[in-house]
Amino acid sequence: MLCAPAIIVMIAVTAYPIGYSVYLSLLRADLRFPNDNEFVGLDNYVTVLSSSLWWNDVFHTVVIMVVSVALELVLGMLLALVMHRALFGRGLVRTSALIPYGIVTVVAAFAWRLAWSGTEGGFLAGIGPIPDDPLTDTFWTYVVVIGTEVWKTTPFMALLLLAGLALVSDELHEAARVDGANAWQRFWSITVPLMRPAILVALLFRTLDAFRIFDSAYIIGLNGTNPKIETVSILGYNQLLNRLNLGLGSAVSVLIFLMVMLIALVFIKGLGTSSPGAQSR
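Rules used in this analysis
Residues numbered from 1 in each chain as written. Predicted model: local features only at pLDDT ≥ 70, side-chain atom pairs only at ≥ 80, totals over all residues. Heavy atoms only, no water. Helix = DSSP H or I, 4+ residues; strand = E, 2+ residues; numbered from the N terminus. Buried < 20%, exposed > 50% of the residue type's maximum accessible area, 1.4 Å probe, protein only. Contact = heavy atoms within 4.5 Å. Areas by Shrake-Rupley, 256 points an atom, 1.4 Å probe, with all protein chains shown as cover. Lys, Arg positive; Asp, Glu negative; His and termini not counted. Charge placed at Lys NZ, Arg CZ, Asp CG, Glu CD. Salt bridge = Lys/Arg side-chain N within 4 Å of Asp/Glu carboxyl O. Patch = residues over 30% accessible without salt bridge, like charges linked within 9 Å, V, L, I, M, F, W, Y side chains within 5 Å. Polar contact = N/O pair within 3.5 Å; in protein donor to acceptor, adjacent residues only side chain to side chain. Core = buried A, V, L, I, M, F, W, Y, C linked by side-chain atoms within 4.5 Å.

**Q** Which parts of the structure should I look at to understand the overall build of the chain?
**A** When you go through the chain residue by residue, the secondary structure sums to 13 helices and two strands. A principal-axis box enclosing the C-alpha atoms of the chain has dimensions of 75 × 60 × 35 Å. A buried classification covers 41% of the 281 residues belonging to the chain. For the chain, long-range pairs separated by at least 24 residues make up 67% of all intrachain contacts whose partners lie at least 6 apart in sequence. For the chain, the computed accessible surface area is about 15700 Å², with 70% contributed by carbon and sulfur atoms. The centroid of the 16 positive side-chain charges in the chain is displaced by 9 Å from the centroid of its 18 negative side-chain charges.

As structure tokens, then:
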């Protein structure tokens, strides 16, 4: 009874929209022809999964997700170690590191777009190997989108990893140092194993968030009406709001939901069972 209010709210704001999306995905529903709705079963899913556009967008999304999350993990770990070991000004260091994360994603994306766009006065365009208008090139659009994501969300990764570092006992490092282990050996043999739960949470949160990337990819990748990079979330947005096709758009949304669930399952089963104490539960 005590949990009932929270459960009701969760059902109202999550379960109902998901269920309604599944229902719409089984219809031929178009807002331009509201009276012509028809049950078509799994035809919308067949249409989406047999489309090369869907698989191209999945490829774009996976590339951005894998590269950005990998860079954020490495840089976040380095930043967390700096914040954890700072001898003075620790509060200032932590506050300064979190500034990018406090900036709205849309603002950050526009800032990076203006800095790189050759047609909008970008000061980075045309420097060295960078082309005069990088955002007209797919590779450089990847670079800018991934750079925006890494700059914006590395502090979040660092904050989660910093919480994990607080669980690592200094006595264990001291004992390993006495036994002759160098800093690199202590990091891989003591710090990383004890931080696996925190690393799992950080990777899970950021991977799921990166797979659903929309803001920065839409703002930076949009070149007129032909985006250089279109993610699966942008595809769903275009189907639902631009083309007003509720059936196909809902099918795309449901597929994104299922892929997010699959990613979460892989992380929990893969890293979760290798965390300290998992075997004894």
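On we go from here.
**Q** Help me out: how do you make sense of the pattern of salt bridges in this one?
**A** Pairing between side chains of opposite charge can happen when the charged atoms of each approach one another. In this structure the tally under the stated criterion is six salt bridges. Across the pair D209 and R206 runs a salt bridge, and its minimum N-O distance is 2.8 Å. Taken together, the positions of D209 and R206, both in helix α10 (residues 196–211) and three residues apart, correspond to about one turn of that helix. Judged by its relative accessible area of 1%, R206 is buried. Between R212 and D209 there is a salt bridge; the shortest N-O distance is 3.7 Å. Here R212 falls in the partly exposed class, since its relative accessible area comes to 43%. Residue classification places D209 among the partly exposed residues on the basis of a relative accessible area of 36%.

**Q** I keep staring at a nonpolar patch on the surface and nothing clicks. Help me out?
**A** Taken together, the side chains of V62, V66, V67, L71, V74, L75 and L78 define a hydrophobic patch exposed on the protein surface, amounting to about 540 Å² of accessible area. As for its position among the elements, L75 is in helix α3 (residues 52–85).

**Q** Explanation requested: the side chain of T153 in the structure shown.
**A** Relative to the assigned elements, T153 resides in helix α7 (residues 138–165). Its relative accessible area of 7% is what places T153 among the buried residues. Reaching out from T153, the side chain makes a polar contact with the side chain of R206 at a distance of 3.4 Å. Excluding its chain neighbours within four sequence positions, the residues that come into contact with T153 are E72, Y101 and R206.

**Q** Help me out: how do you make sense of the nonpolar core in this one?
**A** Nonpolar side chains in soluble globular proteins tend to end up buried together. If you look at the biggest cluster of nonpolar residues, it comprises 42 residues, and the most contacted ones within it are V48, W54, L161, M195, I199, F211 and I256. Mapped by element, the contributors of at least two residues to this core are α2 (43–49), α3, α7, α9 (183–194), α10, α12 (232–242) and α13 (246–270). By residue number, the principal contributor to this core is α13, which donates 10 residues. Ignoring any residue separated from it by four or fewer positions in sequence, one finds V48 in contact with W54, L248, A251, V252 and L255.

What is shown is where atoms sit, not what they do.
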